[in-house]
Amino acid sequence: MPELRITRLEDVGDQTAAIEVEAPTDFEAYPGQFVLVRATINGEEETGYYTISSPDVEERFEMTVAVDPDGTLGPWLVERALGETITVEGPFGDIQYVDDGVALVFAGGPGIGPAVGIAERARRLDHDVTIVYGGDQPPHGDRLDTLKERGATIVLSDDLEEAVDSIDPSAFEIYVFGFQQFVEEARDALSRAGIDLDTVEIESFGPE
Ligand SMILES: Cc1cc2nc3c(=O)[nH]c(=O)nc-3n(C[C@H](O)[C@H](O)[C@H](O)COP(=O)(O)OP(=O)(O)OC[C@H]3O[C@@H](n4cnc5c(N)ncnc54)[C@H](O)[C@@H]3O)c2cc1C
């Protein structure tokens, strides 16, 4: 269970923070995959999964943490200080963007983390990329602005069906990241547009 040093802690939006840690030397992972964070809080062992939100994991990698005020691990994580270490296991998950061509990423809440990580990697590799965020105030606004300047398309919409209609999703490798309700909305919008959901990479952040 590696102890990873925190190298950056940044408020990136409403109740959302980015946490960057030093990567172990042999760590190999890609945006879309996730890690397990383990901590003892008030004497209780707490665990949570967090998805990689940086375009690569060379030397350091980032996670984007939503802070549910009633939660335990999220609030604890954002109260850490630079230089402290956290216990991280992984990576886990089959969804990963390595060099997978033209991408369309649906993101709800902290799902914007893997969306920006994938989009930055896609643009770096000169692939077109579109992010559809479910809402109008996405975290990581600065990175989304930079992505737009670098040619990415960013769609902010509460109406995923309308968003899908404006895109032609059949041309893309499609990803969905977010909590269960958002995932269901994205699935509905995509299947109404005639997309075979078996071809869509979907990661639900829970609850079950
Ligand atoms: C594969 C995977 C990847 C994940 N990646 C991330 C990530 O990158 N960033 C991140 O912040 N979380 C992510 N999660 C969710 C995170 O692991 C859990 O929310 C975690 O339990 C948070 O711990 P907590 O103690 O702060 O909250 P908890 O005490 O566990 O309580 C929060 C509860 O509310 C739910 N919840 C929180 N916000 C919402 C919401 N907006 N809509 C619906 N349900 C909500 C959580 O799922 C959880 O059940 C991921 C989960 C999975 C399974």
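Structure: above.
Everything quoted here is computed from the prediction, not taken from an experiment.

What counts and what doesn't
- Residues numbered from 1 in each chain as written.
- Predicted model: local features only at pLDDT ≥ 70, side-chain atom pairs only at ≥ 80, totals over all residues.
- Heavy atoms only, no water.
- Helix = DSSP H or I, 4+ residues; strand = E, 2+ residues; numbered from the N terminus.
- Rg over C-alpha atoms; globule rule 2.2 N^0.38 Å.
- Buried < 20%, exposed > 50% of the residue type's maximum accessible area, 1.4 Å probe, protein only.
- Contact = heavy atoms within 4.5 Å.
- Areas by Shrake-Rupley, 256 points an atom, 1.4 Å probe, with all protein chains shown as cover.
- Pairing = 2+ DSSP bridges.
- Axes fitted to C-alpha atoms, helices over the stretch in contact; angles between N-to-C directions.
- 1 Å grid on protein atoms, 1.4 Å probe; cavity = no way out; pocket = protein on both sides within 12 Å on 5 of 7 lines; lining within 4 Å.
- Points joined across faces, edges and corners; volume = space filled by probe spheres on them.
- Nonpolar A, V, L, I, M, F, W, Y, C, P; charged D, E, K, R; others polar.
- Domains from an automatic or database assignment.
- Core = buried A, V, L, I, M, F, W, Y, C linked by side-chain atoms within 4.5 Å.

**Student:** Would you explain the overall build of the protein chain in this entry?
**Tutor:** Helix and strand content of the protein chain: five helices and 11 strands. A globule of 208 residues ought to have a C-alpha radius of gyration of about 17 Å, and the protein chain, at 16 Å, matches this closely. Oriented by its inertia axes, the alpha-carbon framework of the protein chain measures out at about 50 × 35 × 30 Å. When burial is assessed residue by residue, the protein chain has 52% of its 208 residues classed as buried. The contacts in the protein chain between residues at least 6 apart in sequence include a share of 69% that link residues at least 24 apart. As presented, the protein chain carries roughly 10200 Å² of accessible surface, and 40% of it is formed by carbon and sulfur atoms.

**Student:** Any chance you could explain the sheet that holds strand 6 (residues 85–92) here in plain terms?
**Tutor:** To summarise the sheet geometry, strands pair through backbone hydrogen bonds and adopt either a parallel or an antiparallel arrangement. Strands sit in the order 4-3-6-1-2-5 across an open sheet of six strands; the sheet is antiparallel. Where the open sheet ends on each side, the last strands, each with one partner, are strand 4 (44–51) and strand 5 (60–66). Neighbour to neighbour, the strand axes of the sheet diverge by 40° on average, direction disregarded. Where strand 1 (residues 3–13) meets strand 2 (residues 16–22), six bridges bridge the pair, whose relative direction is antiparallel. In the sheet register, glycine 13 faces strand 2, and the bridge partner there is threonine 16.

**Student:** Which parts of the structure should I look at to understand the layout of surface pockets?
**Tutor:** In this approach, a probe sized like a water molecule rolls over the atoms, and the result shows the empty space that is left. Approximately 620 Å³ is the volume found for the largest pocket. Lining of the largest pocket is provided by 24 residues; of these, Gly48, Tyr49, Tyr50, Phe179 and Phe205 occupy positions nearest its centre. Broken down by secondary-structure element, the contributors of at least two residues to the lining of the largest pocket are strand 4, strand 5, helix 1 (73–78) and strand 11 (201–204). With five residues, strand 4 is the single largest residue contributor to the lining of the largest pocket. Classifying every residue of the lining of the largest pocket gives 12 nonpolar, nine polar and three charged. Both domains that furnish three or more residues to the lining of the largest pocket are identified here as domain 1 (3–92) and domain 2 (103–204). Estimates place the volume of the second largest pocket at around 160 Å³. Looking at the second largest pocket, the residues that line it are Asp14, Gln15, Thr16, Ala66, Val67, Asp68, Gly109, Pro110, Tyr133, Gln137 and Pro139. Residue classes in the lining of the second largest pocket are distributed as five nonpolar, four polar and two charged. Here the lining of the second largest pocket gathers at least three residues from each of two domains, domain 1 (3–92) and domain 2 (103–204).

**Student:** Looking at this structure, how should I read the nonpolar core?
**Tutor:** Soluble globular proteins tend to pack their nonpolar side chains together in the buried interior. Counting residues in each nonpolar core, the largest one holds 22 residues, and the members touching the most others are Phe61, Met63 and Leu77. When residues of this core are traced back to their parent elements, those giving at least two are strand 1, strand 2, strand 3 (34–41), strand 5, helix 1 and strand 6. In this structure methionine 63 touches Ala17, Ala18, Ile19, Val21, Val35, Val37, Tyr50, Thr51, Ser53 and Ile86, once residues within four positions along its chain are discounted. Formed by 20 residues, the second largest nonpolar core is a distinct cluster that contains Ala115, Ile118, Ile131 and Leu144.

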